[in-house]
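# Survey of secondary and tertiary structure
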Amino acid sequence: MSTQGAPAPAGSSAAAPPAGAAPPAGAAPASPSFKVTELATGLDTPWALAFLPDGRMLITQRGGQLRLRNADGSAVNGGADLVAGVPAVAAVGQGGLLDVAVDPAFASNRRIYLSFAERDGTDPSLNGTAVARAELDAANRTLGNLTVIYRQSPKVDSTAHFGSRLVFDRNGYLFVTLGERLLDTQRGFAQDLSRGNGKVIRITTDGAPAPGNPFAATAGAQPHIWSYGHRNPQGAALHPATGDLWTHEHGPQGGDEVNLTLPGRNYGWPVISYGQEYGTLAQVGEGTAKPGLEQPLTYWEKIDGSAWTPGTQKSSIAPSGMAFYTGDALAEWKGNLFVGALAGTALWRLKLDGNAVVGRERLLAERGERIRDVRQGSDGWLYLLTDSSNGKLLRVERQ
């Protein structure tokens, strides 16, 4: 089912992204003096961090563990901080236990949501992104009433590109990002509305398609879909002023990008891209732009953010995790967007003017650590997870 260039639904109140190509932004003004504090080490390939209302943290580990941490990052219960009742995960390649989100009504319902790579029940070679809902008993470190509310369809024999970020919108509906599963045989399905490859979906907390989804009345389309033509979106956040969803995603060789992710829009993969096919100088798809396909707000063509020289190979920052900064503790950063980089081993600060990215700054590159997740704490500091078998929980605070 080809749907390239499908229009956005009428009546969208969100501002449209720019019509033309968005070149990489220039340098942002220098950051204020800050320091990085290591709150915890020894985390086994942590993937995501979420704060409970009392300031404690939930941290997922890709191997299938959920940890409960105190507000200062230390382990609860004298170190026995694992939460029981986590769903079985396919910890293969990039798969495993991935994102975690706390219900906006957690104080009354105690619900959290987990995204994870799930094996097929009859063919274990197949897997896909799934989302589970459960009730957290923090005192006893257990999950109860666990229910899988959504499964990416169809499942695929692949170990990569699960997407998997979870974000609640202002109406209490849940955005879920889904990767296109990497394989050459699969990536074209990012353009197919009958399949879950390469989509952002929007669901209720019971897993049903959220009211107002753009393709609910489109014959053959999965009604959960919000947007399509994505590659592997591993960062998502709501703009604090507009409530719009912003996502970023991995390009192949170069072409990592940030998008204003509007309903019904087609973000182009693999028809257009600023990336190259791996190990070559070949442009992916038909070029970098095509009518009816959305342009990114910004993109990277080199791992350090420098300008790409035509005729040379591009390289990727490999973005993961994203947060708008809304605090006052680092007032100079208020309104900025922060993006973690895995291959690029850095934290990127993006200065915004409305929906335009007007400057970029590469932070923490000297640490040489893969930044997997970025969150703002209630104390106004930024919290980061590093991606390794000896992963760290870091806090970025004023010097």
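For the structure, check the block above.
Remember, it's a predicted structure, so these values are computed and weren't measured experimentally. (Residues numbered from 1 in each chain as written. Predicted model: local features only at pLDDT ≥ 70, side-chain atom pairs only at ≥ 80, totals over all residues. Heavy atoms only, no water.)

### With respect to the overall build of the chain
What counts is decided by this rule: Only runs of H or I of at least four residues qualify as helices and only runs of E of at least two qualify as strands under DSSP, and these elements are numbered from the N terminus. The size measure is the radius of gyration over C-alpha atoms, and the globule rule it meets is 2.2 Å times the number of residues to the 0.38 power. Between buried and exposed lies partly exposed: a residue is buried under 20% and exposed over 50% of the maximum accessible area for its type, with that area taken using a 1.4 Å probe on protein chains only. By the convention used here, residues are in contact when the closest approach between their heavy atoms is within 4.5 Å. The Shrake-Rupley method, run with a 1.4 Å probe, gives the accessible areas here. Residue values count only the displayed protein chains as cover.
Along the backbone of the chain there are two helices and 23 strands. Radius of gyration (C-alpha) of the chain: 20 Å, near the 21 Å computed for a compact globule of 399 residues. Burial statistics for the chain: of 399 residues in total, 59% are counted as buried. The long-range share in the chain, meaning contacts at least 24 apart out of those at least 6 apart in sequence, stands at 60%. Summed over all atoms, the accessible surface of the chain reaches about 14,300 Å², with 50% contributed by carbon and sulfur.

### Comments concerning the environment of Tyr113
Our working definition: Any pair of nitrogen or oxygen atoms within 3.5 Å is treated as a polar contact; in protein, a donor-acceptor pairing is required on top of that, and neighbouring residues in sequence qualify only through side-chain atoms on both sides.
Assignment of secondary structure puts Tyr113 in strand 6 (residues 111-119). Counting along the chain gives 93 residues from Tyr113 to Asp206, while the straight-line C-alpha distance between them is 11 Å. Among all residues touching Tyr113, those that are not within four sequence positions of it are Asp99, Val100, Ala101, Asp103, Ala132, Arg133, Ile149, Leu166, Phe168, Leu174 and Thr205. Within polar-contact distance, the side chain of Tyr113 engages the side chain of Asp103 at 2.6 Å.

### Points about the sheet that holds strand 21 (residues 371-376)
Here is the rule: Think of it this way: DSSP has to see at least two bridges between two strands before they count as a pair. Fitted lines through C-alpha atoms give the axes, limited to the stretch in contact for helices. The angle between two N-to-C directions lies from 0 to 180 degrees.
Taking strand neighbours across the sheet as the criterion, the four strands line up as 1-23-22-21 in an open arrangement whose pairing is antiparallel. Looking at the sheet topology across the chains shown, the edges are occupied by strand 1 (34-43) and strand 21. When strand polarity is set aside, the average angle formed by the axes of neighbouring strands in this sheet is 20 degrees. By the bridge criterion, seven bridges tie strand 1 to strand 23 (residues 391-398) in an arrangement that is antiparallel. If you follow Lys35 over to strand 23, its bridge partner there is Glu397.

### Things to note about the nonpolar core
One recurring pattern in soluble globular proteins: nonpolar side chains tend to sit buried together. Which entries qualify depends on this criterion: To form a nonpolar core, buried Ala, Val, Leu, Ile, Met, Phe, Trp, Tyr and Cys residues must be joined to one another through side-chain atoms within 4.5 Å.
Residues Leu58, Leu66, Ile112, Leu136 and Leu143 are the most contacted members of the largest nonpolar core, which totals 29 residues. Looking at this core, the elements with two or more residues in it are strand 2 (46-51), strand 4 (65-69), strand 5 (97-102), strand 6 and strand 7 (127-137). Each residue touching Leu66, except ones within four places of it in the same chain, is listed here: Leu58, Ile59, Thr60, Asp81, Leu82, Val83, Val86, Leu97, Ile112, Leu114 and Leu143.

### Examining unusual backbone geometry
Following Ser153, the chain continues into Pro154 via a peptide bond in cis, with omega recorded as 0 degrees. In this structure, Pro154 sits in the loop between strand 8 (142-151) and strand 9 (166-168). Cis geometry is adopted by the peptide bond preceding Pro270, which originates at Trp269 and carries an omega value of -5 degrees. Its location among the elements puts Pro270 in the loop between strand 15 (256-260) and strand 16 (298-300). Despite not being glycine, Arg141 has its phi angle at roughly 55 degrees, a positive value. Considering the arrangement of structural elements, one finds Arg141 in the loop between strand 7 and strand 8. Of note in this structure, His161 is not a glycine but carries a positive phi near 60 degrees.

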